[in-house]
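Here is how the chains run, residue by residue.
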Amino acid sequence: MAWFRASLYLGKLAVRRTLSQGGSYGIRSRIFHLRDRRFHSTVFSLKEKASPIPRAVPLSKLTDNFLDATSSVYLEELQRAWESDPNSVDESWDNFFRNFVGQASGPAGVSGQTIQESMRLMLLVRDYQVNGHLKSKLDPLGLEEREAPDELDPAFYGFTETDLDREFFIGVWSMSGFLSENRPVQTLRSILTRLEQAYCGSIGYEYMHIEEREKCNWLREKIETPTPMHYNKDRRVVILDRLMWSTQFENFLATKMKTAKRFGLEGGETLIPGMKEMFDRSADLGVECIVVGMPHRGRLNVLGNVFRKPLRQIFSEFDKNSKFEDESGLYTGTGDVKYHLGTSYDRPTRGGKRIHLSLVANPSHLEAVDPVVIGKTRAKQYFTNDLDRTKNMAVLIHGDGSFAGQGVVYETLHLSALPNYTTGGTIHIVVNNQVAFTTDPRSGRSSEYCTDVAHALNAPIFHVNGDDIEAVVHVCELAAQWRQTFHSDVVVDIVCYRRFGHNEIDEPFFTQPNMYKVIQKHPSSLRIYKNKLLESGEVTEEDLERMHKKVESILNEEFLNSKDYVQQRRDWLSTNWKGFKSPEQLSRIRNTGVNPEVLMKVGRAITVLPEDFKPHRAVKKVYEDRAKMIETGEGLDWAMGEALAFGTLLVEGKHVRLSGQDVERGTFSHRHAILHDQETGRIYCPLDHVMENQNAEMFTVSNSSLSEFGVLGFELGYSMESPDAIVLWEAQFGDFSNGAQVIFDQFLSSGEAKWLRQTGLVVLLPHGYDGQGPEHSSARLERFLQMSDENPYEILEMDPTHRKQIQKCNWQVVNATTPANYFHVIRRQMHREFRKPLIVMSPKNLLRYKFCKSNLSEFDDVQGHEGFDTQGTRFKRLIKDQNNHSDLEKGIRRLVLCSGKVYYELDEERQKLNANDVAICRVEQLCPFPFDLVQRELKRYPNAEIVWCQEEPMNMGAYTYIAPRLYTAVKSSGRGSPEDVKYVGRPPPPVYCRFTKTNKLRFLALQCNVKQSSILTRAALFKRVFKTNFRLEIPES
Ligand SMILES: Cc1ncc(C[n+]2csc(CCOP(=O)(O)OP(=O)(O)O)c2C)c(N)n1
Ligand SMILES: [Mg+2]
């Protein structure tokens, strides 16, 4: 291993470079060198002998490991020291010298060679492996201004031109590749030729940062081949044909739809043959399904040529006059632009197999789809029992600007090796056109390559000149082989260019005049490949003409057919979703109570621990208490309600997955879903044992990486695969959900409308003003409510079982206040024939609050039991006043409507002050708004003034959402005008509590909170100062 690392160190030296202001595109910067270049452009341009400048090395360093070998003086010192006493040097050096002693002077023709020279040659070889990519010819435009590093100059190691044809002993090494061949004696010229060929051609291999020897050897075997890679004629014709399709597709669109935005692939057309070869190779190696995520660039080309979306359909989508099937009354959503849409297809492969391809729809936010694709892939692996993760694979395509710039890339990469998130390796392809909209790489990133982020993963990175189609195909195949062999991520960086502007109506000369002058004259990669094959005699002009005409005629035919093409009703059901209902089809509302016997069985199973298991004392008590709750049927707390929901769903055959930061124990130490034996460290998960021989993954609870965007995106993708999984993501505190805002905005709240894809993802956001500071108090309920698409002024059909209100709405937002109601709302997600995202403002201090308890009878389905009303046992969208009020209560002076934990504060205050003329109702489901139940309560209290009370400030919380809906309910019930609804809550500051510089935040937050809470509750119950609506009447102190 020491030997491998030796040049890694030198590699690091070479990477120390200054940034350039020059016009480099392929890589970020020009490299300034520490000394004059002697020997960099080709191996045969050696100019003059130059020895490296010796650096003094203290003798104390002589025990250093091999990897620290940095100068020839040092090597000489080492050799001398070893000769006088082998024990005086590090063991790795001892081995090295032993390997050479007696050999260098042995074979004929190498006499006179010093050990020093052998050692330097070794380092040179190593330098090519580490740094060869810096000298590879990646930029098709030839604008790259980087210079090869000093370490690739033989002069750096003291060799001169006269040494080129000298023979050197380099030994036979146990590593694979060049040094393992049985050719211990070679001339310097042949060594350099081989190295240049392997590392400095159209492919730049970056892999020496990988720590595992086995993986490096595997790659060396593929890279340091005795002869250069060569495709036979048949393969070449297939590659040519694929490149023709890719190129002619774009050209065709460019001539037929001159001004339409399509984000063409021109300049990067080799992506298409590369992808196809990658998919073919993957299928040969056992992949059956590939989930793809990609941005705008070249998406139509990928859809048409790789996914085989009918060309006539693609063309008709450009046509303003295209015909649509009559979709009135159908599930159509709002739609999206054509370069965002997804599709799926069973593609036949070169090897005669079929591979299922699925392109995930994505929003305009670059890279946001990455974690979604990975999550979906992982779910496919679960549902197809793909235990070794070789049948389902993810491929992500990136732009150079976004791969380097978007943080979600890093968040996604870091999921790749986590046991509950891995998919066995993702293949990343970067369409590196050396520009992002109008921005040059030097303004767009600080790293050398746009792919440097992948170093963090120890992923190999194959940079390839996009004009060399065979090199592109080769690395695409290699990436597929890597993934199927090592089950980890790999990156293909296709360095290409963008022939036109960012889109077709953009003028690139405004900002990149020099680059575009070169591009204007630059032949297409198809032209280059045609010339190559003509030169080799493998095709003739006639062959080319015939192939061209064939493609052209199909494109023309499809174009003509597109005129009559009737856009079909969009199909939203994939196989797993057969039988599920669109919002146009009624899904009856069902009960979610559970048979009491099943409840008891599940309850016992999840509270019993193995006899020999030694949990922490406090956790043991938690489990004893839970067992008691089940046996007595009383006092079930929040965690128990949740565990019962999960357990009963498992019994019903559903897959349950809960993920997020520290969810196994629970941020508030309430869940303890996984227990740790205090003596052995063994873990035990009671919910894994609800049934006999339960599949280990059927219940998954998993701490995640410390990411919101990445992990929520992953869970969203997971939830979209099958309706048979209930997937939950919990934020540590609700406020952290803003780190995943893109997922909420672009996917969860709008994905169904844009792409007709349903998801029942549950998002748990701890929320509540309990003195934990301005951030942790609020999950920003208002934001989720604002994104609701419900019409506040329209009351839809509200029949108890025929209601379609939820089906019509984009998502549900609830703030449940009892364990039983939480249990039912979780179960409700799975007990319906459609799926809808659910946002839960989950509690913090209610987790242990003495009155926040439910009885087991509220969970069962027994008629007459507590919780069973005229509708059966199910989630209560509104909880009426707990004081057993009759259907008509004329004596009630005030009806306070509220949501969340403030209810308990109001109720306590009411009891304290004996305010029995006040009724308090909890709106548990804020969105969609329970108009029917609010109307019912208005009827019950005909003389009550109506108050909305919240603990959040007026500009936050539910108020702005509730107000117009409450008005609609009041108006429709004939209970006065909107002005008759009063507000009690905190004033509207940006955060809820004021701080001064000297105050300790936490202390003040608590004080402020306590003070404000009591004022607030009293005002809600008694204050008579509501002069005008919309105005807060609670003083600050
Ligand atoms: C998150 C995000 N920020 C900004 C944009 C606007 N935008 C669209 S394309 C683009 C340039 C992308 O460059 P690159 O990733 O190199 O892809 P290319 O267009 O060059 O293929 C930008 C900035 C966006 N779509 N998403
Ligand atoms: Mg780009």
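Residues numbered from 1 in each chain as written. Chains lettered and ligands numbered in written order. Predicted model: local features only at pLDDT ≥ 70, side-chain atom pairs only at ≥ 80, totals over all residues. Heavy atoms only, no water.

1. Concerning the overall build of the protein
- When its secondary structure is counted, the protein shows 32 helices and 26 strands.
- Residues counted as buried form 61% of the 1037 residues belonging to the protein.
- Of all intrachain contacts in the protein linking residues separated by at least 6 positions in sequence, the fraction that spans at least 24 positions is 79%.
- Accessible area of the protein: about 40600 Å², with a carbon and sulfur share of 51%. (Helix = DSSP H or I, 4+ residues; strand = E, 2+ residues; numbered from the N terminus. Buried < 20%, exposed > 50% of the residue type's maximum accessible area, 1.4 Å probe, protein only. Contact = heavy atoms within 4.5 Å. Areas by Shrake-Rupley, 256 points an atom, 1.4 Å probe, with all protein chains shown as cover.)

2. Overview of the pattern of salt bridges
- For the structure on display, the rule yields 56 salt bridges.
- Measuring nitrogen to oxygen at the nearest pair gives 3.0 Å for the salt bridge that ties R242 to E277. With R242 in helix α7 (residues 233–256) and E277 in helix α8 (residues 271–284), this residue pair connects regions lying 35 residues apart in the sequence. By the burial criterion, R242 is buried, and E277 matches it. (Salt bridge = Lys/Arg side-chain N within 4 Å of Asp/Glu carboxyl O.)

3. A word on the site of ligand 1
- Around ligand 1, a shell composed of 15 residues is seen, among which R297, S364, D400, G401 and S402 lie nearest.
- In this structure, a nitrogen atom belonging to ligand 1 sits 2.8 Å away from a main-chain N or O atom of S364.
- Protein burial of ligand 1: of its 580 Å² of free accessible surface, 75% is covered by the chains.
- Sort the elements by how many residues they give to the shell around ligand 1 and helix α12 (residues 400–405) lands first, with three residues. (Near = heavy atom within 4 Å. Polar contact = N/O pair within 3.5 Å; in protein donor to acceptor, adjacent residues only side chain to side chain.)

4. Description of the coordination of the magnesium ion (ligand 2)
- Protein coordination at the magnesium ion (ligand 2): the donors are D400 (OD), N433 (OD1) and V435 (O), at 2.0 to 2.1 Å from the metal.
- Each donor residue of the magnesium ion (ligand 2) belongs to the same chain, and together they define the spacing D-x32-N-x1-V. A residue pair is termed long-range when its members are at least 10 positions apart, and D400 in helix α12 and V435 in the loop between β9 (426–432) and α14 (441–444) qualify at 35 residues.
- The class for D400 is buried, based on a relative accessible area of 4%. (Donors = N, O, S within 2.8 Å, 3.2 Å for Na, K, Ca; no water.)

5. Focus: the sheet that holds β9
- Strand order in the open sheet made by the eight strands is β3-β10-β11-β9-β8-β4-β7-β6, with mixed pairing throughout. Of all strands in the sheet, those with a lone pairing partner are β3 (203–206) and β6 (343–348), marking the two edges. Sheet twist, expressed as the mean angle between neighbouring strand axes with direction ignored, is 20°.
- Examined bridge by bridge, β3 and strand β10 (residues 461–465) share four bridges and lie antiparallel to one another. By the bridge assignment for β10, E206 is matched with I461.
- Strands β3, β8 (392–399), β9, β10 and β11 (490–495) of the sheet are contacted by helix α15 (residues 469–486), whose axis makes an angle of about 165° with β10. (Pairing = 2+ DSSP bridges. Axes fitted to C-alpha atoms, helices over the stretch in contact; angles between N-to-C directions.)

6. As for the nonpolar core
- Ranked by internal contacts, the top residues of the largest apolar core, which has 144 residues, are L644, F744, I826, I839 and W948.
- When near neighbours in sequence (up to four residues on either side) are disregarded, I839 contacts F744, L748, V763, L765, F784, W811, Q812, V813 and V814.
- One finds V130, W245, F315 and L359 within the second-largest nonpolar core, a separate group that totals 98 residues. (Core = buried A, V, L, I, M, F, W, Y, C linked by side-chain atoms within 4.5 Å.)

7. With respect to the packing of aromatic side chains
- Enumeration over the complete set of coordinates arrives at 29 aromatic pairs.
- With 6.4 Å between their ring centres and 10° between their planes, Y199 and Y207 make a pair best called stacked. Here Y199 matches Y207 in class, with each residue buried.
- Relative to F462, the ring of Y205 lies with its centre 5.7 Å away and its plane at 75°, an arrangement referred to as edge-to-face. Note that Y205 is positioned in strand β3 and F462 in strand β10, a separation of 257 residues in sequence.
- Judged by its relative accessible area of 4%, Y205 falls in the buried class.
- Between R657 and the ring centre of Y718, over which it is positioned, the NZ or CZ distance is 4.7 Å. (Phe/Tyr/Trp six-rings, centres within 6.5 Å; stacked < 30°, edge-to-face > 60°. Lys NZ or Arg CZ within 6 Å of the ring centre and 35° of its normal.)

8. Here's the deal with helix α29 (residues 902–912)
- Along α29, the residues classified as buried are V902, Y903, Y904, L906, D907, E909 and R910.
- Positive phi shows up at N914, right after α29, with a value of about 55°.

9. Here's the deal with the packing of helix α19 (residues 596–605) against helix α21 (residues 638–651)
- Where α19 contacts α21, the axes come no closer than 9 Å and their chain directions differ by 110°. Classified by the angle between their axes, α19 and α21 sit roughly perpendicular to one another. Both α19 and α21 take part in a crossing whose hand is right-handed. Listed contacts from α21 to V598, L599, V602 and G603 of α19 are M640, L644, G647, T648 and V651.
- Here the residues of the contact of α19 with α21 sort into six nonpolar, three polar and no charged. (Parallel < 35°, antiparallel > 145°, perpendicular 65-115°, else oblique. Left-handed = near helix turned anticlockwise from the far one by under 90°. Nonpolar A, V, L, I, M, F, W, Y, C, P; charged D, E, K, R; others polar.)

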